[in-house]
Amino acid sequence: MEFDLIRTHFEQPFEQLADAFPNRILRGIGDDCARLRPDDGQVMVVSTDLLESGVHFFEDASAFDIGWKSLAVNLSDLAACGAEPLGFVLGLGLPRVDGGWLSEFSRGLLSIAQQYDCPLVGGDTTSRRSGLGVSITVMGQHPASHQGFDRRHAQLADSVWITGLPGLARLGLLLESQSRGLPLVLPPFTHEALQDILSGLPNSLCDRARQALHKPVPRVQFSMAMRPIIHAALDLSDGLGGDLAHIASASRLGVELDEPALLDAWRLNMGDSMPDPAFVYALAISGGDDYELAFCAPETRADEIRWLGSRHCLQVTPIGRVCSSEGMYLRSLDGNVVTLSNASFDHFAS
Ligand code: ADP
Ligand code: MG
């Protein structure tokens, strides 16, 4: 039963993709261990993420999207290190065996795996009492000479950049919560205020926000192209406020966010349909689930960064700078600089 399931939904559909990389994947699914060989002169990097239904996706989310997102969040970690995908293993805890669900899940997973040349090389499958659990470990490589965008390597006076629209996936989460009648949470707004704001948003923005939540696009190719330019990077999974604080504390420096620049990232994209700036600011700071890149790079490289962004069809916006006093600061619309308290998503917060 378990072997049939693995063969039908994972070994067979992914066979062709693994076979396409015979020099990297020496042995895939079917043995006790997978055997991978990075290219000459490359070091291997590894990252893992655990996703649980009810925590990371709604119980009724589409199986295709769960498959896509499970690998997307891992590929986003590779992007945050400037690494190229080599392959991944899949740990699956299933409350029941549902062939239709598994084949959709496998289809979503395969579609992103093919897009990023990242074959499935092994895994483990087990039953669980309740709730789906998906754990993916992804392997990647980057040249041994490259620093991997280490969070400790931000430098004083670096510019801080982001890709895409920070907070867009958080908007998607609010919309999904609204359509399920769940409480709407985004400090400092009340549930009722959020209801009003959401009802005034254009449909096109709502569609994009839902897409950003369910099918994030990891910035792998862009980050590989940025290897010679970036000092430190991370992917935005918990909101700009908290995520950038990680770079600041690891580098023992500060990050000063520029509120007008942050809003510009949205304004340039939205034109007349720009939502209330206070709402956009709250989305971006407390965010979550964006899987966009935030990175620090020398101010002198701005033109190259913009050019590489446009080559990868990616909006890139400078939103602040690295400063000497440790912590997170905000240069607000009126020009005052204030300390930014941590407002990011915390799984264990009470
Ligand atoms: P083991 O007894 O070593 O745990 P299994 O019987 O669980 O082996 O798995 C048999 C083969 O199928 C192994 O190569 C394993 O990597 C692979 N496999 C099991 N589950 C999955 C999965 N969810 N996705 C991909 N490969 C899997
Ligand atoms: Mg096993």
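Scroll up to find the structure.
The structure presented is a predicted model; accordingly, all values stated were derived computationally and were not measured.

Draft legend 1. Examining the layout of surface pockets more closely. Each pocket or cavity is described by its volume, and for the second largest pocket that value is around 330 Å³. For the second largest pocket, the lining is made up of 18 residues, of which Leu-168, Arg-208, Ala-212, Arg-219 and Glu-292 are closest to its centre. Going through the elements one at a time, helix 4 (168-179) and helix 6 (203-214) are the ones with two or more residues in the lining of the second largest pocket. If one sorts the elements of the lining of the second largest pocket by residue count, helix 6 sits on top with 3 residues. Taken together, the residues of the lining of the second largest pocket break down into 9 nonpolar, 4 polar and 5 charged.

Draft legend 2. Here's a closer look at the site of ligand 1. Taken together, the neighbourhood of ligand 1 is formed by 13 residues, with Gly-30, Asp-31, Gly-123, Asp-124 and Thr-125 sitting nearest. Gly-30 is positioned with one of its backbone polar atoms (N or O) 2.8 Å from an oxygen atom of ligand 1. A total of 550 Å² of accessible area belongs to ligand 1 in isolation, and the protein chains cover 75% of it. Every element with two or more residues in the shell around ligand 1 is listed here: helix 1 (2-19) and strand 5 (120-127). By residue number, the principal contributor to the shell around ligand 1 is strand 5, which donates 5 residues. Here the residues of the shell around ligand 1 sort into 6 nonpolar, 4 polar and 3 charged.

Definitions and cut-offs
Residues numbered from 1 in each chain as written. Chains lettered and ligands numbered in written order. Predicted model: local features only at pLDDT ≥ 70, side-chain atom pairs only at ≥ 80, totals over all residues. Heavy atoms only, no water. 1 Å grid on protein atoms, 1.4 Å probe; cavity = no way out; pocket = protein on both sides within 12 Å on 5 of 7 lines; lining within 4 Å. Points joined across faces, edges and corners; volume = space filled by probe spheres on them. Helix = DSSP H or I, 4+ residues; strand = E, 2+ residues; numbered from the N terminus. Nonpolar A, V, L, I, M, F, W, Y, C, P; charged D, E, K, R; others polar. Near = heavy atom within 4 Å. Polar contact = N/O pair within 3.5 Å; in protein donor to acceptor, adjacent residues only side chain to side chain. Areas by Shrake-Rupley, 256 points an atom, 1.4 Å probe, with all protein chains shown as cover.

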